[in-house]
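So you can see what is in the structure, the chains are spelled out below.
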Amino acid sequence: MIHCEGLVKIYKTDDLEVVALQGLNLTVEAGEMMAIIGNSGSGKSTLLNILGGLDRPTAGQVRVGKWDLLKITEAELVMYKRETVGFVWQNNARNLLPYLTALENVEVPMMFTGKKVDRAYARQLLEMVGLKDRMHSKLAQLSGGEQQRVAIAIALANRPKLLLADEPTGSVDTATSDLIMDIFRRFNREFGLTIVIVTHDLGLASKVDRVVAIRDGLTSTEFIKRNVHLDRTLAAPLYGRRALEEVHEAFVVVDRAGRLQIPREYLQALGIGDKATLEFDGEKILIKPPKKMEGESA
């Protein structure tokens, strides 16, 4: 569903150039539910905006389904955003119109396709997110969690193949967060919807099948669920990185050129700076600090 190779994004102003993505590689299979994590400034939101058609890549390859987002025209980009991808933001005000009811909000994206509004499907979506009795309520009558669930229904109104969610539980309580993740899982299983979630919450990330960590604009580590039948009940009592490690197995990502990112804390523990020596003993690759040259101070 998603294939990024050597993806680069550079933001330029008159006197400043910022490289947000530095050759990122990522593949997401159709029907997968996965998360992207990373510190602030790591590039994860930039990646999501490119996949959502909200920002243009600078170089590299990025394909979503049949669409090549590096070469896509403006007219094709409009079609892509209407039909292929749905987007849920942390700030649900970006999805919702306050003077409309929940049902009317879900129907709005349908109007832009030029097709007849499918009110029955709009009702079905609101029922699936648990708002059967609230679909005629306006936003002021809904809680923050209910508004976020309306936003999810809006993102799915045109039956997209890919759902992107940027910190979708960042402004709700734990119980509502669990409910939203259950809703995502239901759509993933029943409709085969591909879901990519950006989050800094490692507890939330532990509830998906695969987690990709981005550091300095590159994919650095993947966490893959050991048992696909494990669900959130196993991770419920756990918090942070321990939740990921309990449910997932960690892998360092190696790109086609053989490059990988070694966690900074490992390098610091070994006293490795900008250079290291590599040894292959027939079974393992050993990374060591470089030996001191003769006459070099300790």
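Each chain has its residues counted from 1, running along the sequence as written. For a predicted model such as this one, the threshold for reporting local features is a pLDDT of at least 70, and the threshold for listing and counting side-chain atom pairs is 80 or more; totals across whole chains, interfaces and linings nevertheless cover every residue. The side-chain numbers reported here are obtained from all heavy atoms of the structure, hydrogens and water having been left aside.

What follows covers the overall build of the protein. Each helix is a run of DSSP H or I of at least 4 residues and each strand a run of E of at least 2, with the numbering of both proceeding from the N terminus. Secondary structure assignment for the protein yields ten helices and 13 strands. Across the 298 residues that make up the protein, the buried fraction comes to 47%. Throughout, a residue-residue contact means that at least one pair of heavy atoms, one from each residue, lies within 4.5 Å. A fraction of 64% describes how many contacts in the protein between residues 6 or more apart in sequence connect residues 24 or more apart. Taken as a whole, the protein presents about 16200 Å² of accessible surface, with 51% of it coming from carbon and sulfur. Buried residues are those whose accessible area, probed at 1.4 Å on protein chains only, stays under 20% of the maximum for their type, while exposed residues exceed 50% and partly exposed ones sit between those limits. Values of accessible area rely on a 1.4 Å probe in the Shrake-Rupley scheme; residue burial ignores everything except the protein chains shown.

Within the largest apolar cluster, 45 residues are counted, with the highest numbers of intra-cluster contacts made by L126, I152, F184, F187 and I197. Here this core takes six residues from helix α5 (residues 144–155), the largest share from any one element. Residues in contact with I152, not counting those within four places in the same chain, are V88, V129, I180, I183, F184 and F187. Nonpolar cores are built from buried Ala, Val, Leu, Ile, Met, Phe, Trp, Tyr and Cys residues. Side-chain atoms within 4.5 Å join them into one set. Formed by 29 residues, the second largest nonpolar core is a distinct cluster that contains M34, I50, Y80 and V212.

Attention shifts here to the sheet that holds strand β2 (residues 17–28). Any two strands are treated as partners once DSSP identifies two or more bridges connecting them. Pairing within the open sheet is antiparallel, and its four strands lie in the order β2-β1-β4-β5. Looking along the sheet, the strands with just one partner apiece sit at the ends: β2 and β5 (67–68). For strand β1 (residues 2–12) and β2, the ladder comprises nine bridges, and the chain directions are antiparallel. In the strand pairing of β2, C4 is matched with L26. The angle between two axes is taken between their N-to-C directions and runs from 0 to 180 degrees, where each axis is a line fitted to C-alpha atoms and a helix contributes only its stretch in contact. The strands touched by helix α1 (residues 44–51) within the sheet are β1, β2 and β4 (59–64), with β1 carrying the most contacts at an inclination of about 110°.

On to helix α3 (residues 102–111). Burial of α3 is extensive: eight of the ten residues sit out of reach of the surface. Within α3, the full set of buried residues consists of A102, L103, N105, V106, E107, V108, P109 and M110. Residues of α3 that are buried in the fold lie against α4 (119–128) and α5.

What follows concerns the packing of α3 against α4. Remark: α3 packs on α4, axes separated minimally by 9 Å, with the N-to-C direction vectors making an angle of 125°. Accordingly, the angle class assigned to the pair α3 and α4 is oblique. As for how α3 packs across α4, the hand of that crossing is right-handed. Of the residues in α4, those in contact with A102, L103, V106, E107 and M110 of α3 are R119, Y121, A122, R123, L125 and L126. When describing relative orientation, an angle under 35 degrees is termed roughly parallel and one over 145 degrees roughly antiparallel, while 65 to 115 degrees is termed roughly perpendicular and anything else oblique. Crossing chirality is assigned from the near helix's rotation relative to the far helix, an anticlockwise turn below a right angle marking it left-handed and a clockwise turn marking it right-handed.

A word on the side chain of T199. One can find T199 in the loop between β8 (194–198) and α7 (202–205). Take T199: its relative accessible area is 1%, and that puts it in the buried class. Those residues in contact with T199, other than ones at most four positions away along the chain, are A35, I36, I37, G38, K44, E167, L204 and A205.

Once that is clear, we can look at helix α6 (residues 174–191). With 18 residues, α6 extends 26 Å between its outermost C-alpha atoms, agreeing within 8% with the 26 Å of an ideal straight helix rising 1.5 Å per residue. Here α6 has its buried residues at T176, S177, D178, I180, M181, I183, F184, R185, F187 and N188. Looking one or two places after α6, you find G192, whose phi comes out positive at around 65°. A helix is expected to span 1.5 Å multiplied by its residue count minus one.

The next subject is the confidence of the model for the protein. The pLDDT value expresses, per residue, how confident the predictor is, ranging between 0 and 100. Looking at the protein as a whole, its pLDDT mean stands at 84, while 90% of the residues score no less than 70. Low pLDDT, under 50, characterises residues 232–239; the stretch is placed with eight contacts to residues that sit more than four places away or in other chains.

We now examine the packing of aromatic side chains. Pairing of aromatic rings covers Phe, Tyr and Trp, the last counted by its six-membered ring, and requires centre-to-centre distances within 6.5 Å; plane angles under 30 degrees mean stacked, over 60 mean edge-to-face, and any other angle means tilted. All told, the structure shown has three aromatic pairs when counted by the stated rule. Here F87 and W89 contribute two aromatic rings whose centre-to-centre distance is 4.6 Å and whose plane-to-plane angle is 15°, an arrangement assigned as stacked. Comparing F87 with W89, the two get one shared label, buried. Ring plane angle 50° and centroid distance 5.5 Å describe the contact between F187 and F191, whose orientation is recorded as tilted. Remark: F191 and F187 occur in helix α6; sequence separation between them is four residues, near one turn of the helix. Among the residues examined, F187 registers a relative accessible area of 1% and is labelled buried. The ring of Y11 carries K9 above its face, with NZ or CZ at 5.0 Å from the centroid. For R159, the ring lying beneath its charged end belongs to Y121, and the centroid distance is 3.7 Å. As a reminder, the over-ring test applies to NZ of lysine and CZ of arginine, requiring each to be within 6 Å of the ring centre and within 35 degrees of the ring normal.

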